[in-house]
Amino acid sequence: IFSGRDLEWRLILKYDINEYIEHQTYVLTDKIIEDYIIEKNETPDYIPKFNILNKDKTIETLMKFPKSLCRFGDGEIHIMKGIDQGFQKYDPLLARRLEEILEYKGNDIYIGINSAYFHTPLRYGERNKRFYRIRSYDYRHFFYKHCSSDITYLDAGFAGAYYRYGDEFDYESHYTKLMDLFLGKNIAIVSGEGVLEKLEFDIFHKANSKIIINGPRVNAFSKYDEILENIKDRVPKNYLICIILGMTAKVLVKDLTDIGYMAWDIGHMAKDYDAYMHKYEKNQENMDSFWAPD
């Protein structure tokens, strides 16, 4: 039954089969109870409490008090756990850097974590509601181990909306706020080669000027030094650097901030806006295509 699953094999070696079944039932019951409490938006004292700004407050904070931003979700968690991702293979150095940044307490970088793991999933579309109900417990407990109640976190999920929410969501207002983040700014966009060229609609169109820097579409961390040097050579310090390079973006944000830049890890924001403007059908095929490597 448990072939190929190391955790289960270790548990079976530790317990006899009856103890194992009892242990698994206990763990599952714990999860069900905690998930129910989260879904009811209740926070008893025994559940750790983090201060995570909601989507709108996150955008407002970046607008009024701009500084660098790193965002953490399931992809980053998987890399830190040693699991390959579609557009980034596991790398022990990358995993270590991600963990250091997630636990960073300096005041020059905002850390964003996905607030959806800590709140009811009922506000989301059916696919996302299912995703969060199944997986949030494990991701939430990863953050419990690495995050601090002393820090105010931004919502890592602020950058994406179209394939997350349902028809009742105010998409027009949301994307207007995102576009205003770039109003009048000089920006550099660092992304996988050819990614921006695929997009018909430009969420950065309110920017004053743009520098485009290409990197690898997959496994960007393998070219990390080259990407960093290219940015340093081409981008003035007064530019906002917007990075679309998956897990590598977090490390770039930290290292660029250390030498005087402001950099934002914006994830799928540009692609998300393009999908909204096209009004793509929210079917399984389009969702799978959206999250697949570019």
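Placed above this text is the structure.
Just so we're clear, the structure is a prediction, and the values are computed from it rather than from any experiment.

About the thresholds
- Residues numbered from 1 in each chain as written.
- Predicted model: local features only at pLDDT ≥ 70, side-chain atom pairs only at ≥ 80, totals over all residues.
- Heavy atoms only, no water.
- Helix = DSSP H or I, 4+ residues; strand = E, 2+ residues; numbered from the N terminus.
- Buried < 20%, exposed > 50% of the residue type's maximum accessible area, 1.4 Å probe, protein only.
- Contact = heavy atoms within 4.5 Å.
- Areas by Shrake-Rupley, 256 points an atom, 1.4 Å probe, with all protein chains shown as cover.
- Axes fitted to C-alpha atoms, helices over the stretch in contact; angles between N-to-C directions.
- Parallel < 35°, antiparallel > 145°, perpendicular 65-115°, else oblique.
- Left-handed = near helix turned anticlockwise from the far one by under 90°.
- Phe/Tyr/Trp six-rings, centres within 6.5 Å; stacked < 30°, edge-to-face > 60°.
- Lys NZ or Arg CZ within 6 Å of the ring centre and 35° of its normal.
- Pairing = 2+ DSSP bridges.
- Right-handed = clockwise from strand over helix to strand, strands pointing away.
- Polar contact = N/O pair within 3.5 Å; in protein donor to acceptor, adjacent residues only side chain to side chain.
- Salt bridge = Lys/Arg side-chain N within 4 Å of Asp/Glu carboxyl O.

**Looking at the overall build of the chain**
- Tallying secondary structure elements over the chain gives 11 helices and 8 strands in all.
- Relative to its full complement of 294 residues, the chain shows a buried share of 49%.
- Sequence separation of at least 24 residues holds for 68% of the intrachain contacts in the chain that already meet a minimum separation of 6.
- As displayed, the chain has an accessible area near 15200 Å², and 50% of this comes from carbon and sulfur atoms.

**Some words on the environment of Leu 245**
- Inspection of the secondary structure assignment puts Leu 245 in the loop between strand 7 (240-244) and helix 9 (248-258).
- By relative accessible area, Leu 245 is classed as buried at 7%.
- Put simply, Leu 245 and His 268 are 23 residues apart on the chain and 9.3 Å apart in space, counted from C-alpha to C-alpha.
- Aside from chain neighbours lying at most four places away, what touches Leu 245 is Val 190, Ser 191, Gly 192, Pro 216, Ala 220, Ile 227 and Leu 252.

**A few points about unusual backbone geometry**
- In the Ramachandran plot, Asn 219 falls in the positive-phi region, its phi being about 55° despite a non-glycine side chain.
- Within the secondary structure layout, Asn 219 lies in the loop between strand 6 (209-215) and helix 8 (224-234).
- On the accessibility criterion, Asn 219 (21% relative accessible area) is partly exposed.
- The phi dihedral of Lys 279 falls on the positive side, at around 55°, and the residue is not glycine.
- Looking at the secondary structure, you find Lys 279 in the loop between helix 10 (269-278) and helix 11 (284-291).

**Some remarks on the packing of helix 3 (residues 55-64) against helix 7 (residues 171-180)**
- Across the interface, helix 3 lies against helix 7 with an axial gap of 10 Å and an inter-helix angle of 20°. Classified by the angle their axes make, helix 3 and helix 7 are roughly parallel. Here helix 3 runs over helix 7; the crossing is left-handed. Contact residues: helix 3 offers Lys 55, Asp 56, Ile 59 and Met 63, while helix 7 offers His 174, Lys 177, Leu 178 and Asp 180.

**Considering the packing of aromatic side chains**
- Tallying each qualifying case throughout the model produces 26 aromatic pairs.
- On the basis of an interplanar angle of 65° and a centroid distance of 4.9 Å, the ring pair of Phe 169 and Tyr 171 is categorised as edge-to-face. No difference in accessibility class separates Phe 169 from Tyr 171, as the two residues are buried.
- Considering the side-chain rings of Phe 221 and Tyr 224, the 5.5 Å spacing of their centres and the 45° angle between planes classify their relative orientation as tilted. Like Tyr 224, Phe 221 is buried.
- In this structure, Lys 67 is placed above the aromatic ring of Tyr 110, and the distance from its NZ or CZ to the ring centre is 4.5 Å.

**Quick notes on the pairing of strand 4 (residues 152-155)**
- Where strand 1 (residues 51-52) and strand 4 come together, 2 bridges link them in parallel fashion. Across the sheet, residue Asn 51 finds its bridge partner in strand 4, namely Thr 152.
- At this point the chain moves from strand 3 (residues 109-113), through helix 6 (residues 126-146), to the parallel strand 4, and the crossover so formed is right-handed.

**Some remarks on the environment of Lys 237**
- As for its placement among the helices and strands, Lys 237 is situated in the loop between helix 8 and strand 7.
- Looking at Lys 237, the relative accessible area reads 47%, which means it is partly exposed.
- Spatially, the C-alpha atoms of Lys 237 and Tyr 261 are 5.4 Å apart, while their sequence positions differ by 24 residues.
- Once residues lying within four places of it in the same chain are set aside, the contact partners of Lys 237 are Ile 259, Gly 260 and Tyr 261.
- A distance of 2.8 Å separates the side chain of Lys 237 from the backbone oxygen of Ile 259, its partner in a polar contact.

**Topic: the pattern of salt bridges**
- All told, the structure shown has 14 salt bridges when counted by the stated rule.
- One salt bridge connects Asp 56 with Lys 177, and the closest N-O pair in it is separated by 3.4 Å. Linking Asp 56 in helix 3 with Lys 177 in helix 7, this pair joins segments that are 121 residues apart in sequence.
- Under the relative-accessibility criterion, Asp 56 is labelled partly exposed at 33%.
- Note that Asp 258 and Lys 254 form a salt bridge whose closest N and O atoms lie 2.9 Å from each other. Taken as a pair, Asp 258 and Lys 254 lie in helix 9 at a separation of 4 residues, close to a single helical turn.
- By relative accessible area, which is 45% here, Asp 258 ends up partly exposed.
- With a relative accessible area of 13%, Lys 254 lands in the buried category.
- Beyond isolated ion pairs, a larger network of salt bridges with shared partners links Arg 71, Glu 76, Lys 250 and Asp 265.

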